[in-house]
Amino acid sequence: MLALFGGPPVRTRPFPAWPVFGPAEEARVLQALRSGQWGRLDGSQVEEFERRFASMHGCRHGIAVANGTVSLRIALLAAGIAAEDEVIVPPYTFLSTASAVVEANAVPVFADIDLETFNLDPRAVEAAITPRTRAIVPVHFAGLPADMAALQRIADAHHLTLLEDAAHAHAAIYRDRPVGSLGQMASFSFQSSKNLTAGEGGIITTDDDGLAARCRSIHNCGRVEGGVWYEHHVISGNYRLGELQGALLNAQLDRLAGQAATRDANGAYLASRLRGLPGLLPQARPADCTRHAYHLFMLRLDPAGFGASRDAVVPALEAEGIPCSPGYGYSLPAQPLFRNKAFGPYLAGIRDRLDYRSVDCPNSDAICRQSIWLEHHLLLGTRADMDDIAGALEKIHRHRDRLEAR
Ligand SMILES: Cc1ncc(COP(=O)(O)O)c(C=O)c1O
């Protein structure tokens, strides 16, 4: 019997918790604390982290910032995005991918995602291009690298900036090249749910000296390298990361390669275990994905094929001892913020001609109705843990007639 109706659950043991930390984190944070140098401009922790993280992601420059939202905004400003320029973003992502565009006083234009990879569909991107388009911001959703070869071709043909939103994709690899080095710039987040975390934080990676200098200036009150302290060259603010977070990130970074390998192996194994369960479609993994970061293990549940709805399966899966969630309730254009164009002082002059109510992203909408998310730390354990997840889904499928099919 299903655990939801009083039967024994498939699993009673907890999955690995997140974050993972121990004496190494304590030592680093204590070192930073005792140094008394808690600010980025005083100590060496953030500088060390920037160097190590950038090099691991195939870049010469890393600019650590307060979070993975301002990192997007700073990168857009550094790229020279101007008022009312258009920036193409996916509709199936966290708010920031699109809100950072508004906060750069530019217009987010939504292009639909692919129904199998859940990443930007290059054909939809091509169709969304206008004479005002200046940039594309693909998200490596759930940690799966986007179709960067196709997106780069489009960016080259139209002279667009390609900015990776890699908030989900630390240590992911595409065609043997690290994510973070695939566009002109990339943005990562270290917020608490992410695969590398200090509670909050973010970083911009780039190999371009000019873009790096502009990002560094914008993140530090418009100061320039070698400049006078109270001399400010561009409109900006203080978006620097603190040394205690830098210390934590240095210790966490030592764990990243091992954790990334474990997530990738377990994710691939779980996807293979689920192949053949009708109506249950794990995120597709194209051959050009060398390493999936599995920030999320994502499934799409087709109710007709599975014989029960996603909204019935999620509580049943949780009752079997597998923590999961349905993810985003609706696509970004349907958020009140966009429907009502509640943009504060931004885009004031052109708000009348923007209309997010008529944006049509059927694939994104379908995934909002049908997705199941499993968080990355479930994948940090053993193959037996993956067998429990697969076993719970198989059990629910066997008993699907007991669940309401909506
Ligand atoms: C795809 C994506 N982009 C950007 C962000 C923003 O990062 P932060 O929360 O660090 O501002 C997040 C996460 O929260 C995200 O999931």
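By convention here, each chain's residues receive numbers from 1 onward along its written sequence. It should be noted that, the model being predicted, local features are given only for residues of pLDDT at least 70 and side-chain atom pairs only at 80 or more, the latter also being counted only at that level, while totals for whole chains, interfaces and linings use all residues. Heavy atoms throughout the structure, all of them, feed into the side-chain values; hydrogens and water do not.

Topic: the overall build of the protein
Thinking step 1. Strands here are runs of E lasting at least two residues and helices are runs of H or I lasting at least four, both read from the DSSP assignment and numbered beginning at the N terminus. In terms of regular secondary structure, the protein is built from 13 helices and 13 strands.
Thinking step 2. Only the C-alpha atoms count toward the radius of gyration. The rule for a globule is 2.2 Å times the residue count to the power 0.38. Taken over C-alpha atoms, the radius of gyration comes to 22 Å for the protein, in line with the 22 Å a tight globule of 406 residues would show.
Thinking step 3. Oriented by its inertia axes, the alpha-carbon framework of the protein measures out at about 70 × 55 × 35 Å.
Thinking step 4. By the convention used here, residues are in contact when the closest approach between their heavy atoms is within 4.5 Å. Pairs at least 24 residues apart make up 71% of the contacts formed inside the protein by residues separated by at least 6 positions.
Thinking step 5. The protein carries 40 positive and 45 negative side-chain charges, and their two centres are separated by 2 Å. We treat Lys and Arg as the positive residues and Asp and Glu as the negative residues; His and chain ends play no part in the count. Note that the charge is assigned to NZ on lysines, CZ on arginines, CG on aspartates and CD on glutamates.

With respect to the layout of surface pockets
Thinking step 1. Think of a 1 Å grid over just the protein atoms. A cavity is a set of points where a 1.4 Å probe fits yet cannot get out, a pocket is an open set with protein on both sides within 12 Å along at least five of seven lines, and lining residues have an atom within 4 Å of a point. Grid points are joined across faces, edges and corners, and a volume is the space filled by probe spheres set on the points. Empty space within the largest pocket amounts to approximately 490 Å³.
Thinking step 2. As for the largest pocket, its lining consists of 28 residues, and the residues nearest its centre are Phe94, His168, Gln191, Ser193 and Lys194.
Thinking step 3. At the level of elements, α4 (96-102) and β13 (371-375) are the ones that each hand at least two residues to the lining of the largest pocket.
Thinking step 4. When residues in the lining of the largest pocket are grouped by element, the largest group, three residues, is from β13.

Notes on the site of the ligand
Thinking step 1. Only heavy atoms are used to decide nearness, and a residue is near a molecule or strand if one of them lies within 4 Å of it. In the neighbourhood of the ligand, 15 residues make up the surrounding shell, with Gly68, Thr69, Asp165, Ser189 and Lys194 lying closest.
Thinking step 2. Polar contacts, as counted here, are pairs of nitrogen or oxygen atoms within 3.5 Å of one another; within protein the pair requires one atom able to donate a hydrogen and one able to accept it, and residues that are adjacent in sequence qualify only if both atoms are side-chain atoms. In the model, a nitrogen atom of the ligand is placed 2.7 Å from a nitrogen or oxygen of the Asp165 side chain.
Thinking step 3. Residue His168 places a side-chain N or O atom 2.8 Å away from an oxygen atom belonging to the ligand.
Thinking step 4. Here, Shrake-Rupley sampling with a 1.4 Å probe gives the accessible areas, and only protein chains in the shown set may cover a residue. Protein chains shield 92% of the accessible area of the ligand, which is 380 Å² for the free molecule.
Thinking step 5. Residues are grouped as follows: Ala, Val, Leu, Ile, Met, Phe, Trp, Tyr, Cys and Pro are nonpolar; Asp, Glu, Lys and Arg are charged; all remaining types, including Gly, are polar. In terms of residue class, the shell around the ligand is made up of three nonpolar, ten polar and two charged.

Comments concerning the sheet that holds strand β7 (residues 177-178)
Thinking step 1. Being paired, for any two strands, means DSSP has found at least two bridges between them. In spatial order, the strands read β7-β6-β11; together these three strands make up an open sheet with antiparallel pairing. In this open sheet, the two strands that pair with only one neighbour each are β7 and β11 (289-291).
Thinking step 2. The pairing of strand β6 (residues 173-174) with β11 spans two bridges and is classified as antiparallel. Paired with Ile173 across the strands is Arg291, a residue of β11.

Looking at the side chain of His170
Thinking step 1. Tracing the backbone through its elements, the reader meets His170 in the loop between β5 (161-165) and β6.
Thinking step 2. For His170, a relative accessible area of 1% translates into the label buried. Buried means the residue's accessible area, taken with a 1.4 Å probe over protein chains only, is under 20% of the maximum for its type, while exposed means over 50%, and partly exposed covers the values in between.

Let's talk about the environment of Leu354
Thinking step 1. Mapping Leu354 onto the fold places it in the loop between α11 (336-339) and α12 (362-370).
Thinking step 2. C-alpha separation for the pair Leu354 and Phe338, spaced 16 residues apart in sequence, amounts to 9.5 Å.

Quick notes on helix α13 (residues 383-398)
Thinking step 1. The terminal C-alpha atoms of α13 lie 22 Å apart, and with 16 residues this matches the ideal 22 Å at 1.5 Å per residue to within 8%.
Thinking step 2. Inspection of α13 places Asp385, Met386, Asp388, Ile389, Ala390, Ala392, Leu393, Lys395, Ile396 and His397 among the buried residues, and these make up the whole buried set.
Thinking step 3. Buried residues in α13 make contact with α8 (243-274), β10 (280-282), β12 (296-301), α9 (303-306), α10 (310-319) and β13. Each residue after the first adds 1.5 Å to the expected span of a helix.

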